[in-house]
Amino acid sequence: MAKKRRKSKPTTTKKNVSLSLSKKNKIILGSLLIALSIALFFSFISFYFNWQADQSLLTEFADRNAEAQNLLNKFGAAISHFFMYQGFGLASFIFPILLAVTGLYLFLGLERNSLWGKWIWGLIGVIWISIALGFFALDKPLLGGLIGYEMNDFLQDYMGKIGVLLLLLFSLTVIMVRLFDFSPEGIAALVKSKTKKIKKEMSAEKTVQSTKLPLEEKEEPIVVDTYTHKKDIPVLKQEAGLDVNLPKEEENVDLSLEVQKVAEEKEEKDIKAEKLVKDFGEFDPKLELGNYKFPTLELLDSHGGAGGITINQEELEENKNKIVNTLKNYKIGIAQIKATIGPTVTLYEIVPEAGVRISKIKNLEDDIALSLAALGIRIIAPIPGKGTIGIEVPNKNATIVSMRSVIASAKFQNAEMQLPIAFGKTISNETFVVDLAKMPHLLMAGATGQGKSVGLNAVLTSLLYKKHPAEVKFILVDPKKVELTLYNKIERHFLAKLPDSEEAIITDNTKVINTLNSLCIEMDNRYELLKLAMVRNIKEYNTKFKARKLNPNDGHKFLPYIVLVIDEFADLIMTAGKEVEAPIARLAQLARAIGIHLIIATQRPSVNVITGLIKANFPARIAFRVTSKIDSRTILDAQGADQLIGRGDMLFTQGNDVTRLQCAFVDTPEVAKITEYIGSQRAYPDAHLLPEYVGEDSGTSLDYDIADRDAMFRDAAEVIVVAQQGSASLIQRKLKLGYNRAGRIIDQLEAAGIVGPFEGSKARQVLVPDMYALDQLLQNESK
């Protein structure tokens with residue numbers, strides 16, 4: 001008994017320590033929560049003014065030299081981005097309130113029993129406000145946050161707008177009843193009390209008027225007609241010969257009539273729009289090139305693939321026996337095996353006997369490849385949607401999948417998609433067609449000579465065969481200067497470029513940066529048009545515009561899809577770095593709804609090229625053959641690309657399953673014939689012009705007046721000359737300036753001949769050797 005008592009004493013003391021806090025600890029924890037709530041509150045407020053400037057710094061959190069515009073610097077930018085942008089939007093302000101209340105309870109030593117209820121109702125309020133803002137403010141996703149926007153979008157997919165509205169009203173009723181004791185009787189009593197109060201005030205006003213004007217009771221009273229919107233002065237209407245001194249703005253008297261006229265004019269415009277649709281039909285964007293003819297199938301070659309796939313029965317039987325024998329050697333029995341023959345690969349589906357572990361078969365990949373004496377063996381264990389295990393074995397005699405056979409297929413011809421792309425054929429010899437508009441962006445990677453350029457040509461050819469020049473425009477970036485030059489012939493039909501560019505196909509890296517930033521401006525302009533038209537995406541906008549419900553005089557126009565194609569993305573990252581990655585990430589995040597889609601190809605799929613920021617926004621990926629499993633994981637987040645056989649053999653994923661395809665082959669002469677056919681037809685006067693963008697590299701063309709120089713120009717020049725390093729970030733750090741101001745000063749320094757031109761990711765060259773030379777230069781300028 002004594003032993004038992006000794007054991008029981010320490011257990012009770014441990015429980016008391018774990019369940020309660022001392023008064024000092026309560027004060028410390030309470031003050032910490034109050035401080036944290038204040039920090040969150042100010043960082044949230046600052047977020048709505050500085051989120052655009054701080055967005056680029058989210059990936060540079062570890063960089064001590066980078067400064068955010070948020071009141072709490074990088075911590076505030078990161079935490080507010082998490083709560084306000086990726087979280088619940090304006091509803092996130094409830095969190096600092098809850099933290100402050102909890103901190104006060106602990107600091108003052110109050111009872112904490114009711115805190116749980118406050119947190120539960122607070123979280124319910126956060127979710128409700130976020131969804132409600134996502135529902136009522138679709139054109140402003142920052143108000144409801146990403147969670148509110150996505151939850152509202154998800155609910156509308158299943159319940160529709162009316163269903164979501166009813167759900168919001170019901171949940172609001174529950175909150176009002178449970179939290180504020182809402183009842184119909186209470187509302188009725190409130191309305192009665194308010195009406196009584198108003199009646200009393202009105203009767204009191206009447207008595208005051210009767211006492212002030214006893215001689216004018218027979219006269220008609222002064223009637224309030226309307227209110228001016230300029231100064232909120234009541235406009236008095238003169239009746240029955242009553243003299244009233246009105247303000248000088250006599251036109252305000254007829255304001256109500258003017259409003260009525262405007263409303264009538266608007267109704268007339270709507271009626272006219274309906275009449276226009278009836279009289280002229282829907283607007284046709286193809287009308288300017290009404291005689292345009294789509295490319296014909298005769299421009300494409302069959303490449304000997306017109307006869308289809310030839311089945312080699314001996315090869316099938318031989319491979320089947322080798323697979324069965326190899327598995328038997330490891331005591332793995334097979335209940336069933338069947339083969340599906342594709343253009344380059346045959347899929348053997350096996351059903352193992354009961355009790356066989358799948359991982360055991362998966363580990364025999366190299367042994368099966370050795371027994372079959374073939375490269376590119378890939379084991380799918382299990383095949384998604386089937387109760388079988390797949391073993392993909394390359395055919396000894398591969399069949400070329402021609403672009404002609406893919407374009408001529410019924411699946412492509414009858415595809416009701418916005419931007420249909422025919423990639424090639426699957427293992428089961430079916431044409432594989434996907435919609436670029438739903439991807440919404442595509443990442444292509446693979447080693448040199450494995451089919452990336454042919455894949456890009458297949459994408460472009462698919463769109464040329466399906467879309468009219470008015471419906472889609474291409475921006476082609478070709479650092480190699482030889483892959484996409486054939487498309488120069490269709491510049492005035494399908495290509496888009498900057499206003500000051502001579503050639504539509506971009507080969508200079510500095511022009512790429514300007515083009516990407518110009519695309520960001522185009523994206524913002526299109527979102528503004530969508531907001532004015534009160535629609536959510538480009539499809540709804542164009543439908544409304546075709547129905548003549550949007551006035552071109554208000555800036556509305558038909559919006560073509562824009563497809564940005566970048567070949568050799570690794571070369572751009574090496575030379576321009578963040579200047580390319582940042583606008584691409586922004587376009588990838590936001591450009592889907594307004595019809596701007598990105599296709600990026602690279603031969604070096606390393607992590608510093610395909611960064612996490614890019615991968616997160618490119619769910620659709622194509623992997624041609626790569627040299628290592630690490631490269632395969634970088635592209636697909638899975639193995640398999642290292643086991644492909646090359647020559648157009650590829651893996652495609654759109655965020656879920658991985659599909660093996662044989663890319664359709666389109667040769668250079670075929671592309672030349674297609675572009676020649678299109679280019680020989682009547683075209684637009686010029687290529688589609690993007691918004692003008694003046695980049696940092698254009699400083700030499702700017703002639704800054706000395707009087708317009710920044711007040712910190714001299715200090716910045718001294719900093720640059722002393723350090724012998726010309727960069728905006730150095731000026732930022734030393735003089736504690738913002739990025740935009742530092743960039744302007746760098747342009748002024750370049751115009752003054754103190755620093756050299758922009759050189760991509762490198763620092764600018766300092767042209768002045770020392771302070772004496774700087775003084776001489778500035779003195780000569782002032783003379």
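Above this text is the structure in question.
Residues numbered from 1 in each chain as written. Predicted model: local features only at pLDDT ≥ 70, side-chain atom pairs only at ≥ 80, totals over all residues. Heavy atoms only, no water.

Moving on, we come to the overall build of the chain. If you tally the helices and strands in the chain, you get 26 helices and 17 strands. Taken over 783 residues, the chain has a buried fraction of 42%. By sequence separation, contacts in the chain at least 24 residues apart represent 66% of the contacts at least 6 residues apart. (Helix = DSSP H or I, 4+ residues; strand = E, 2+ residues; numbered from the N terminus. Buried < 20%, exposed > 50% of the residue type's maximum accessible area, 1.4 Å probe, protein only. Contact = heavy atoms within 4.5 Å.)

Counting residues in each nonpolar core, the largest one holds 111 residues, and the members touching the most others are Phe-423, Phe-474, Phe-569 and Phe-652. Among residues more than four places away in sequence, those in contact with Phe-652 are Phe-423, Phe-432, Val-434, Met-439, Leu-442, Ala-620, Arg-621, Ile-622, Asp-657, Val-658, Thr-659 and Leu-661. With 22 residues, the next largest nonpolar core counts Ala-717, Ile-731, Ala-752 and Leu-774 among its residues. (Core = buried A, V, L, I, M, F, W, Y, C linked by side-chain atoms within 4.5 Å.)

Looking now at the packing of helix H16 (residues 509-533) against helix H18 (residues 569-576). At a minimum axis separation of 10 Å, H16 and H18 run at an interaxial angle of 95°. Relative to H18, H16 is oriented roughly perpendicular. Only Asp-571, Leu-572, Thr-575 and Ala-576 of H18 make contact with H16, whose side of the interface consists of Asn-509, Val-512 and Ile-513. Here the contact of H16 with H18 is composed, by residue class, of 4 nonpolar, 2 polar and 1 charged. (Axes fitted to C-alpha atoms, helices over the stretch in contact; angles between N-to-C directions. Parallel < 35°, antiparallel > 145°, perpendicular 65-115°, else oblique. Nonpolar A, V, L, I, M, F, W, Y, C, P; charged D, E, K, R; others polar.)

A few words on the sheet that holds strand E6 (residues 389-394). Spatial ordering of the open sheet is given by E3-E4-E6-E5, a layout of 4 strands whose pairing is antiparallel. Each edge of the sheet is formed by a strand with only one pairing partner; in this case those strands are strand E3 (334-341) and strand E5 (378-380). Averaged over neighbouring strand pairs, the angle between their axes works out to 20° when direction is ignored. Summarising the sheet, E3 and strand E4 (residues 345-352) pair through 7 bridges and their orientation is antiparallel. Opposite Ile-337, over in E4, you have Ile-350 as the bridge partner. The strands touched by helix H9 (residues 313-329) within the sheet are E3, E4 and E6, with E4 carrying the most contacts at an inclination of about 40°. (Pairing = 2+ DSSP bridges.)

Tracing the backbone through its elements, the reader meets Ser-37 in helix H2 (residues 23-54). Sequence-distant contacts of Ser-37, defined by excluding residues within four places in its chain, comprise Pro-96, Leu-99 and Ala-100.

The next thing to look at is the layout of surface pockets. By volume, the second largest pocket amounts to about 710 Å³. Considering the residues around the second largest pocket, the lining is formed by 26 residues, among which Arg-378, Ile-380, Pro-384, Glu-392 and Val-658 are closest to the centre. Looking at the lining of the second largest pocket, the elements that each hand over two or more residues are E4, E5 and strand E16 (658-663). The residue makeup of the lining of the second largest pocket, split by class, is 10 nonpolar, 8 polar and 8 charged. (1 Å grid on protein atoms, 1.4 Å probe; cavity = no way out; pocket = protein on both sides within 12 Å on 5 of 7 lines; lining within 4 Å. Points joined across faces, edges and corners; volume = space filled by probe spheres on them.)

Further remarks concern the side chain of Asp-649. Tracing the sequence through the fold places Asp-649 in strand E15 (residues 649-653). Of the residues examined, Asp-649 reaches a relative accessible area of 1% and is grouped as buried. Of the polar contacts made by the side chain of Asp-649, one reaches the side chain of Arg-660; its length is 2.6 Å. (Polar contact = N/O pair within 3.5 Å; in protein donor to acceptor, adjacent residues only side chain to side chain.)

Our focus in this paragraph is unusual backbone geometry. Between Met-439 and the following residue, Pro-440, the backbone shows a cis peptide bond with an omega angle of 0°. Take Pro-440: it is sitting in the loop between strand E8 (431-435) and strand E9 (442-445). A positive phi angle, near 60°, is found at Asp-637, a position not held by glycine. Relative to the helices and strands, Asp-637 resides in the loop between helix H21 (629-636) and E15. Given a relative accessible area of 46%, Asp-637 falls into the partly exposed group. For Arg-647, which is not glycine, the phi torsion reads 55° and is therefore positive.

Bringing the pairing of strand E12 (residues 561-566) into the picture now. Counting buried positions over the 6 residues of E12 gives 6, a clear majority of the element. Burial along E12 is two-sided: the residues Tyr-561, Val-563 and Val-565 and Ile-562, Leu-564 and Ile-566 are all buried. Judged from the 6 bridges that link them, strand E10 (residues 472-477) and E12 form a sheet pairing that is parallel. Paired with Lys-473 across the strands is Ile-562, a residue of E12.

With that settled, consider the pattern of salt bridges. Close approach of charged atoms allows side chains of opposite charge to pair. The tally for this structure, following the rule as stated, stands at 22 salt bridges. Between Arg-660 and Asp-649 there is a salt bridge, with its nearest N and O atoms 2.6 Å apart. Residue Arg-660 is found in strand E16, and its partner Asp-649 is found in strand E15; the two are separated by 11 residues along the sequence. Each member of the pair, Arg-660 together with Asp-649, is buried. In this structure, a network of salt bridges that share partners links the residues Arg-378, Glu-392, Asp-649 and Arg-660. (Salt bridge = Lys/Arg side-chain N within 4 Å of Asp/Glu carboxyl O.)

Moving on, we get to the packing of aromatic side chains. This structure, assessed with the given rule, holds 15 aromatic pairs. Measuring from centroid to centroid gives 5.7 Å for Phe-44 and Phe-83, while their planes differ by 50°, and the two rings are tilted. Of this pair, Phe-44 sits in helix H2 while Phe-83 is found in helix H3 (residues 73-85), placing the two residues 39 residues apart along the sequence. We note that Phe-44, like Phe-83, is buried. Taken together, the ring pairs in this structure connect Phe-41, Phe-42, Phe-44, Phe-82, Phe-83, Phe-88, Phe-93 and Phe-95 into an aromatic cluster. When the ring centre of Phe-412 is taken as reference, the NZ or CZ atom of Lys-466 above it lies at 5.3 Å. (Phe/Tyr/Trp six-rings, centres within 6.5 Å; stacked < 30°, edge-to-face > 60°. Lys NZ or Arg CZ within 6 Å of the ring centre and 35° of its normal.)

The next thing to look at is the sheet that holds E15. Two strands in a sheet stick together by hydrogen bonds in their backbones, pointing the same way (parallel) or opposite ways (antiparallel). The strand order across the open sheet formed by 9 strands is E8-E7-E16-E15-E14-E9-E13-E12-E10, and the pairing between neighbours is mixed. The two strands at the open ends of the sheet, each matched to only one other strand, are E8 and E10. The average angle at which neighbouring strand axes cross in this sheet is 30°, direction not considered. Note that E9 and strand E14 (residues 620-623) share 4 bridges and pair parallel. Across the sheet, the residue bridging to Ala-445 is Ala-623, located in E14. H16 contacts E10, E12 and strand E13 (596-602) of the sheet and is inclined by roughly 160° relative to E12. With respect to the sheet, H18 is in contact with E10, E12 and E13, its orientation differing from that of E13 by roughly 90°.

Attention now moves to empty space enclosed by the protein. Per the stated rule, a full pass over the model turns up 2 cavities of 30 Å³ or more. Counted as a void, the second largest cavity has a volume near 40 Å³. Lining the second largest cavity are Gly-342, Pro-343, Thr-344, Val-345, Lys-425, Thr-426, Ile-427, Asp-649, Arg-660, Leu-661 and Gln-662. Among the secondary structure elements, those contributing two or more residues to the lining of the second largest cavity are strand E7 (420-426) and E16. When residues in the lining of the second largest cavity are grouped by element, the largest group, 3 residues, is from E16. A per-class count over the lining of the second largest cavity returns 4 nonpolar, 4 polar and 3 charged.

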